[in-house]
Amino acid sequence: MMDLCPVPDEAIIENRTFDEIAIGESVCTTHTLTREDIELFAVVSGDVDPAHLDPAYAETDLFHRIVAHGMWGGALISALLGTQLPGPGTIYLSQELKFLGPVGIGDSITVRITVREKKPETKRIVLDCQAVNQAGGTVITGTAEVQAPTEKIRRHRVELPDVRLMRHQRFRDLLTAAAGRAAVPMAVVHPCDATSLAAAAEVAELGFVVPILVGPAGKIRAVAEQCGIDISRYRLVDAPHSHAAAARAVELVHAGEAALVMKGSLHTDELMHEVVSPETGLRTERRISHVYVMDVPSYPRPLLITDAAVNIAPTLEVKRDIVQNAIDLAHVMGVERPKVAILCAVETVNPAMNATIEAAALCKMADRGQITGGVVDGPLAFDNAVSPKAARDKGIVSPVAGQADILVVPDLEAGNMLAKQLSFLAGADAAGVVVGASVPIILTSRADSERTRVASCAVAVLMAQAKQAAPAVAIAS
């Protein structure tokens, strides 16, 4: 028997024609199953059976663990037929398989195909197929019939694209943390379009908020009817227009009837005008700022970026509050001692670059207890703030470099560009919340996905719940 199991030249794919192939000829391949293999197969096939993807469900299923899709092993057989025996030019005609055992994550599967029969009149070949695990147990047997090529083909192997699975597990973790507790009343300001009203309904369905719809009652009901959204379960507070709705929402907070505020279909400036009003607003002794909570698939932890939406050109004093607000939010998210990188264009103090001087001053303020609860370092450039390799290459010794939890930007323009670059070029999701007021404020956007809107609400709910549980350490303390 001719055995072609040694690894072929990876740069070349060469077939074996019908005339070259001998009965008993065999090839094989070995592959160790990973979770990524299962997820990629699910993405391509659409088969999201929880037995393959949900560890909690799989524990209760027949095999008590995650197992591969049966046809994942079939795909390995197909790969051998198409690339080695017979190889390029093969036409797959039929396949019969029996699945004798499960294949789990970490199992090393050797797939072998062996020529059983040649049919000269049709140039067809029948092959025995077998897959064996690392313990020698047979998991798949079967036969395949193919139309073998009659002409020699030798080609350079096509280079496959890099594939990266983009998971947004961190946002799911936020939802899990927010769920299962008492629902928080949320004033939704002027939800007079389909997007904002649907967003309120979406988060209400998850059970961790109770929406209070504030705005023109007739217009809200009309939008609900047009979009098929049932708002009969929600409290509706009538206000004649968007300005009045913002003011009324702030009044609900002062009255203790709302624990957070969500922007609807009004301009952000309208809402924030009422929030920051010295007489009637929601200001505290802390400067109000905005924090993006980024779920970047390629980064190993949640990444907070601040301030990219409220303070245009913050002074050193304002930056102190911006840093403290972000640290307090990180605590609510379960980061006990967040690492804070003060971003600049360079990682050294340069008297000609005021941002680097302020970065150094913020670090000293942290040393003296004017900023608490986190580890602050800067100036740091973006690369050495998030990349351990970049930090090592530049010889930076820092408890923050390469592993930042919070990125503090020099100004709003830099923060806005950074957040949007991560979203549009790195596939990141960006939830966001305004902090430093007496309650969290959610600034939604028409461009937000459902996942992002829900995650923004989850962050705000965690903050509101933390304030209710321990007011002495709340954001407004």
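Residues numbered from 1 in each chain as written. Predicted model: local features only at pLDDT ≥ 70, side-chain atom pairs only at ≥ 80, totals over all residues. Heavy atoms only, no water.

Asks: Which residues make up the overall build of the chain, and what values do they have?
Replies: Per the secondary structure count, the chain includes 15 helices and 18 strands. The C-alpha radius of gyration of the chain comes to 30 Å, more than 25% above the 23 Å expected for a compact globule of 477 residues. Once the C-alpha set of the chain is aligned to its principal axes, its extents read approximately 95 × 60 × 40 Å. Burial analysis of the chain (477 residues in total) assigns 49% to the buried set. Total accessible area computed for the chain in this model is approximately 22,600 Å², and 54% of it derives from carbon and sulfur atoms. For the chain, the distance from the average position of its 43 positive side-chain charges to the average position of its 56 negative side-chain charges is 2 Å. (Helix = DSSP H or I, 4+ residues; strand = E, 2+ residues; numbered from the N terminus. Rg over C-alpha atoms; globule rule 2.2 N^0.38 Å. Buried < 20%, exposed > 50% of the residue type's maximum accessible area, 1.4 Å probe, protein only. Areas by Shrake-Rupley, 256 points an atom, 1.4 Å probe, with all protein chains shown as cover. Lys, Arg positive; Asp, Glu negative; His and termini not counted. Charge placed at Lys NZ, Arg CZ, Asp CG, Glu CD.)

Asks: Tell me about the side chain of D405, and name the residues and values.
Replies: Summarising the element assignment, D405 is placed in the loop between α13 (388-393) and β16 (406-408). Given a relative accessible area of 10%, D405 falls into the buried group. Side-chain polar atoms of D405 contact the backbone nitrogen of K339, separated by 2.8 Å. Every residue in contact with D405, bar those within four places of it in the chain, is listed here: R301, P302, L303, L304, V335, R337, P338 and K339. (Polar contact = N/O pair within 3.5 Å; in protein donor to acceptor, adjacent residues only side chain to side chain. Contact = heavy atoms within 4.5 Å.)

Asks: Quick rundown of the confidence of the model for the chain? Include the residues and the values.
Replies: With 95% of its residues at a pLDDT of 70 or more, the chain shows a mean pLDDT of 91. Here helix α5 (residues 169-178) stands out as the element of the chain with the lowest mean pLDDT, 78, in contrast to β16, whose mean of 98 is the highest. Here residues 471-477 is modelled with pLDDT under 50, and outside its nearest four sequence neighbours on either side it reaches 18 contacts, counting other chains as well. (pLDDT = per-residue confidence, 0-100.)

Asks: Please provide a residue-by-residue account of the side chain of D37, values included.
Replies: For D37, the location among the structural elements is in helix α1 (residues 35-45). What D37 contacts, discounting residues up to four positions off in sequence, is H31, T32 and W72.

Asks: Let's hear about the packing of helix α10 (residues 316-332) against helix α11 (residues 354-367): which residues, and what values?
Replies: Remark: α10 packs on α11, axes separated minimally by 10 Å, with the N-to-C direction vectors making an angle of 55 degrees. Considered as vectors, α10 and α11 are oriented oblique to each other. The chirality of how α10 crosses α11 is right-handed. Residues L316, K319, R320 and V323 of α10 lie in contact with α11, whose contacting residues are E358, A361, L362 and M365. The residue makeup of the contact of α10 with α11, split by class, is 5 nonpolar, no polar and 3 charged. (Axes fitted to C-alpha atoms, helices over the stretch in contact; angles between N-to-C directions. Parallel < 35°, antiparallel > 145°, perpendicular 65-115°, else oblique. Left-handed = near helix turned anticlockwise from the far one by under 90°. Nonpolar A, V, L, I, M, F, W, Y, C, P; charged D, E, K, R; others polar.)

Asks: Any details on the sheet that holds strand β5 (residues 124-132)? Residues and values, ideally.
Replies: Ordered by their spatial adjacency, 5 strands build an open sheet running β2-β4-β5-β6-β3, and the pairing between neighbours is antiparallel. In the strand order of this sheet, the two ends are held by β2 (26-32) and β3 (91-99), each with one partner. With direction set aside, neighbouring strand axes in the sheet form an average angle of 20 degrees. Of the strand pairs in this sheet, β2 and strand β4 (residues 108-119) are connected by 7 bridges, and their pairing is antiparallel. Note that in β4 the partner of T32 across the bridge is S108. (Pairing = 2+ DSSP bridges.)

Asks: Tell me what's going on with the pairing of strand β15 (residues 375-380), and back it up with residues and numbers.
Replies: Burial analysis of β15 places 5 of its 6 residues in the buried class, which makes it a mostly covered element. Note that strand β14 (residues 339-343) and β15 share 4 bridges and pair parallel. Bridge assignment links L343 to a residue of β15, and that residue is L380. Running through α11, the crossover from β14 to the neighbouring parallel element β15 is right-handed. (Right-handed = clockwise from strand over helix to strand, strands pointing away.)

Asks: Tell me what's going on with the environment of I66, and back it up with residues and numbers.
Replies: As for its placement among the helices and strands, I66 is situated in the loop between α3 (55-60) and α4 (70-83). A sequence separation of 361 residues divides I66 from G427, and the C-alpha atoms of the two residues are 27 Å apart. Once residues within four sequence positions are removed from consideration, I66 is found in contact with R35, I38, P50, A51, H52, L53, D54, P55, A58, V103, G104 and I105.

Asks: So, the nonpolar core: which residues are in play, and what are the values?
Replies: In a soluble, globular protein the nonpolar side chains are often hidden away together inside. The biggest cluster of nonpolar side chains holds 62 residues, and the ones touching the most others in it are M186, V293, V323 and L329. No other element matches helix α15 (residues 450-469), which puts 10 residues into this core. Counting residues in each nonpolar core, the second largest holds 29 residues, with I21, W72, I77 and I125 among its members. (Core = buried A, V, L, I, M, F, W, Y, C linked by side-chain atoms within 4.5 Å.)

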